[in-house]
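Chains, contacts and geometry: an overview
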Amino acid sequence: MGLDAGGIGVTRGAISAAPVPAHLDEWERRVLGDPNLLGDIGFAVGGPFHVLYPPRVGRNIQGFHAAFEQAGVDGVVYYGKKANKSAAVARACAEHGAGVDVSSVGELTAALAQGVRGTELMVTGPAKSDDLLWLATRHGALIAVDDLDELERLAALGDSTAPVRIMLRVLPAASASRFGMTEAELDRALVAFHGRESIRLEGFSFHLSGYDAVARAELAGALIARCLHARTLGQPATTLSIGGGFGVDYVPPAAWAEFTEHVDRQWFHSGKSFESYYPYHFPAPGPAMLAAILAHDGLAQRLRDNAVRLAIEPGRALLAHAGFTVFRVQGSKIRHVDGAPYHLLTVDGTSLSLSEQWFDSEYLPDPLLWPTRPGSTTPTSVGAATCLDSDMLSWRRIPLPRAATVGDLLIYPNTAGYQMDSNESAFHELPIPPKVLLHDAPGDRLRWTLDG
């Protein structure tokens, strides 16, 4: 037993969760080791904020390109823009040879504004608006067609000199998804191409839920035959897109095994429980998963032999370890369960900026407490600055290294992929946390600006 800053005994026992420490990049260690940077940003911003380090996005893109090159496969990366709205991420794509996957006029124009060329865009999503289809065709984007009606609308937008570039989205067998076309619908679509020079079929696409490399490889292999059949009908059909779903490795394997094997409702404020969690340890993340897909059952060789380009649409994986989210502690209470004390914090933001909580789950990588000071391990849950009992950033009683005090910063690591802005809202008229970009400066320093 130790003493926290308030002199209250704290034990690591049934009420305290097993630690789930996050992997930290070198750039994050530089930030945490700077005695002034985070405090200065917090003082200037005056509320919660997100931090992004764009060079890490560039390295993630390069990792996927390297996997394609090592397998000898013609490949293309489209960043799934829905994973983060930052202009800097789209700029990193333009600078490192990645396209962008967009699903709205807003996403399309935002990508163009950051230097992504129209021909480097893939447009996805169901029942696209006429405005989106018109703008996409004007810029020569590749459009993933989700239904036959969309195909008819597109036929009217192209001509023989500038045909509309499309892929047909496939509904995987036995899938309950509302997206994609059945086998019969795909056959009807191919018939509809006959004699129409205003549309050019560049291939097929699909999306699978989960993170199974084998399932992606097998479906891609099966669709090579569809490409070859489309070529007999006069269409180029040179591209297959296998979508996203590339895992991210957030935490070490031992910590993840300890949590998953021993998780207990007693670890959570109010005895909260969850049915499932994201797989925060992923042994073959991002580019390694792509390499596994290409290696399975000779897929890389089959793609080469049939001159098929493989497209991928990573979102979360392209943002792995590229950002974190910072909240300021503005209140602290002591509560008890079974006679043992724990701390219940209130921070200056909401769980709308930590989106996993809004999918009836919990974001599990341990937050970091800044500044670093000596202290005793303190079980701590984290609530938001709202009037909702359910608005919790961490139901889990995290074993913080010391008791947090008002004014401390709580840093949730690796939040760039979906977490930091997919559910953002000015609830209670609280400000939406801004995005802060870090830039390398001479002398191993870091400077910051606000995202454009």
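Residues numbered from 1 in each chain as written. Predicted model: local features only at pLDDT ≥ 70, side-chain atom pairs only at ≥ 80, totals over all residues. Heavy atoms only, no water.

**So, helix 2 (residues 37–45)**
Note the following rule: Each residue is placed in one exposure class: buried if its accessible area under a 1.4 Å probe, protein chains only, is under 20% of its type's maximum, exposed if it is over 50%, and partly exposed if it falls in between. Numbering goes from the N terminus for both helices and strands, where a helix is a DSSP run of H or I of at least four residues and a strand is a run of E of at least two. To obtain the arc, one takes the directions from the helix axis to the C-beta atoms.
Buried residues of helix 2: Leu37, Leu38, Ile41 and Gly42, and no others. One face of helix 2 carries all of its buried residues, which in axial projection span an arc of 130 degrees. Glycine 46, located one to two residues past helix 2, shows a positive phi value of around 80 degrees.

**Let's talk about the packing of aromatic side chains**
Applicable threshold: Stacked, edge-to-face and tilted labels apply to pairs of Phe, Tyr and Trp rings (six-membered ring for Trp) whose centres lie within 6.5 Å, assigned for plane angles under 30 degrees, over 60, and everything in between, in that order. Throughout this description, the term charge over a ring refers to an Arg CZ or Lys NZ atom that lies within 6 Å of the ring centre and within 35 degrees of the ring normal.
Here the structure, examined in full by the defined rule, presents 17 aromatic pairs. Both rings, one in tryptophan 27 and one in tyrosine 53, keep their centres 5.1 Å apart while their planes meet at 20 degrees; by these two values the pair is stacked. With tryptophan 27 in helix 1 (residues 26–33) and tyrosine 53 in the loop between strand 3 (49–52) and helix 3 (54–71), this pair connects stretches of sequence that are 26 residues apart. Owing to a relative accessible area of 1%, tryptophan 27 belongs among the buried residues under this scheme. The interplanar angle of 5 degrees and the centroid separation of 5.5 Å between the aromatic rings of tryptophan 27 and phenylalanine 324 together place this pair among those described as stacked. In this pair, tryptophan 27 sits in helix 1 while phenylalanine 324 sits in strand 12 (residues 323–337), placing the two residues 297 residues apart along the sequence. With a relative accessible area of 2%, phenylalanine 324 lands in the buried category. Site record: aromatic cluster; members linked through ring pairs are Tyr211, Tyr250, Trp256, Phe259, Trp267, Phe268, Phe274, Tyr277, Tyr278, Tyr280, Phe282 and Tyr363. In this arrangement the basic side chain of arginine 397 is found over the ring face of tyrosine 342, its NZ or CZ atom lying 4.2 Å from the centre.

**Side note on the UniProt feature "modified residue: N6-(pyridoxal phosphate)lysine" (unreviewed entry) in the chain**
Keep this limit in mind: UniProt positions are given in the numbering used here, feature names are shortened, and annotations may be inferred rather than shown by experiment.
This chain's UniProt record puts "modified residue: N6-(pyridoxal phosphate)lysine" (unreviewed entry) on Lys82. Within the secondary structure, lysine 82 sits in the loop between strand 4 (75–80) and helix 4 (87–95).

**A look at the packing of helix 3 against helix 4**
The line we're drawing: Where helices are involved, their axes are fitted lines through C-alpha atoms of the stretch in contact, as for all axes, and angles between N-to-C directions lie from 0 to 180°. Should an angle fall under 35 degrees it is called roughly parallel, over 145 degrees roughly antiparallel, and 65 to 115 degrees roughly perpendicular, with every other angle called oblique. Handedness of a helix crossing follows the sense of rotation of the near helix relative to the far helix, less than a right angle counterclockwise being left-handed and clockwise being right-handed. Contacts were defined at the residue level, with two residues in contact if any of their heavy atoms lie within 4.5 Å.
Contact geometry for helix 3 and helix 4: axes closest at 9 Å, N-to-C directions at 40 degrees. By the criterion of interaxial angle, the relationship of helix 3 to helix 4 is oblique. Helix 3 and helix 4 meet at a crossing whose hand is right-handed. Contacts from Pro54, Val57 and Ile61 of helix 3 reach helix 4 at Ala88, Val89, Ala92 and Cys93.

**A word on the packing of helix 3 against helix 11 (residues 286–295)**
We count it as follows: Charged means Asp, Glu, Lys or Arg here, nonpolar means Ala, Val, Leu, Ile, Met, Phe, Trp, Tyr, Cys or Pro, and polar covers whatever is left, Gly included.
Packing of helix 3 against helix 11 brings their axes to within 8 Å, and their N-to-C directions diverge by 25 degrees. Viewed along their axes, helix 3 and helix 11 adopt a mutual orientation that is roughly parallel. The handedness of the crossing between helix 3 and helix 11 comes out as right-handed. For the pair helix 3 and helix 11, the contacting residues are Gly63, Phe64, Ala67, Phe68 and Ala71 in the first and Gly286, Pro287, Leu290, Ala291 and Leu294 in the second. For the contact of helix 3 with helix 11, a count of residues per class yields eight nonpolar, two polar and no charged.

**Some words on the pairing of strand 11 (residues 309–312)**
Test applied: In this description, strands pair whenever DSSP reports at least two bridges between them.
Pairing of strand 4 with strand 11 involves three bridges; the strand directions are parallel. Across the sheet, the residue bridging to valine 77 is isoleucine 312, located in strand 11. As judged from the three bridges shared by strand 10 (residues 239–241) and strand 11, these two strands associate in the parallel manner. Bridging across to strand 11, leucine 240 finds its partner in leucine 310.

**Considerations on the domain arrangement of the chain**
For interface size, the figure often reported is the accessible area lost on association. In plain terms, the rule: Note: domain ranges come from an automatic or database domain assignment. Note on definitions: buried area is the accessible-area loss of two parts on being combined, 1.4 Å probe, summed for both. Whenever a carboxyl oxygen of Asp or Glu lies within 4 Å of a side-chain nitrogen of Lys or Arg, that contact is scored as a salt bridge.
Considered domain by domain, the chain is made up of domain 1 (26–52 + 321–450) and domain 2 (55–247 + 282–319). Each of domain 1 and domain 2 has a C-alpha centre, and these two points are 35 Å apart. Each side of the interface is counted separately: domain 1 has 16 residues, and domain 2 has 11 residues. Three residues, His321, Tyr418 and Asp421, lead the burial of domain 1 against domain 2; their summed loss comes to 40% of the area buried on that side. There are two salt bridges connecting domain 1 and domain 2.

**A few points about the UniProt feature "active site" (unreviewed entry) in the chain**
In this numbering, the UniProt entry assigns the feature "active site" (unreviewed entry) to Cys387. Its place among the elements puts cysteine 387 in the loop between strand 15 (378–383) and strand 16 (392–400). For cysteine 387, a relative accessible area of 62% corresponds to the exposed category.

**Quick word on helix 7 (residues 148–155)**
The α-helix winds at 3.6 residues per turn, so residues separated by three or four positions along the chain end up facing the same way. The criterion, for reference: Side-chain atoms alone can form a polar contact between residues adjacent in sequence; in general such a contact is a pair of N or O atoms within 3.5 Å, and within protein one must be able to donate a hydrogen while the other accepts it.
By the burial criterion, the buried members of helix 7 are Leu148, Glu150, Leu151, Leu154 and Ala155. Here the buried residues of helix 7 occupy an arc of 155 degrees about the axis, which is enough to place them on one side. Each element contacted by the buried residues of helix 7 is listed here: helix 6 (130–138), strand 7 (142–145), strand 8 (164–169), helix 8 (183–192) and strand 9 (199–205). Backbone nitrogen of aspartate 149 and a side-chain oxygen of the N-cap are separated by 3.2 Å at the start of helix 7; the cap is aspartate 147.

**Some details on the sheet that holds strand 4**
The eight strands are arranged 4-5-6-7-8-9-10-11 in a closed barrel whose pairing can be described as parallel. For this sheet, the mean inter-axis angle between neighbouring strands, taken without regard to orientation, is 30 degrees. Docked against the sheet, helix 7 engages strand 7, strand 8 and strand 9, running at close to 145 degrees with respect to strand 7.

**Re the confidence of the model for the chain**
We apply this condition: Here pLDDT means the predictor's own confidence in every residue, given as a number from 0 to 100.
When the pLDDT values of the chain are averaged, the result is 94; 97% of them are 70 or greater. Below pLDDT 50 for its whole length, residues 1–12 participates in 28 contacts with residues either more than four positions away or in separate chains.

**Focus on the pattern of salt bridges**
A side chain of one charge can pair with a side chain of the opposite charge when the charged atoms of the two come close. Going through the model one piece at a time under the given rule, you end up with 20 salt bridges. Arginine 165 is paired through a salt bridge with glutamate 202; the nearest N and O atoms lie 2.8 Å apart. Placement of the pair is arginine 165 in strand 8 and glutamate 202 in strand 9, with a sequence separation of 37 residues. For arginine 373, the salt bridge is made with aspartate 408, and the minimal N-O distance between the two is 3.5 Å.

**With respect to the nonpolar core**
The criterion, for reference: Throughout this description, the term nonpolar core refers to a set of buried Ala, Val, Leu, Ile, Met, Phe, Trp, Tyr and Cys residues connected via side-chain atoms within 4.5 Å.
Among the nonpolar cores identified, the biggest contains 109 residues, and Ile166, Leu168, Phe204, Phe246, Leu290 and Leu310 are the most heavily contacted of them. Counting residues per element, this core draws most heavily on helix 9 (residues 213–232), which supplies eight residues. Per-domain counts for this core show at least three residues from each of domain 1 (26–52 + 321–450) and domain 2 (55–247 + 282–319). Each residue touching leucine 290, except ones within four places of it in the same chain, is listed here: Phe64, Ala67, Phe68, Phe246, Leu310 and Ile312. If you look at the next biggest cluster of nonpolar residues, it comprises 16 residues, including Phe49, Leu409, Ile411 and Leu446.

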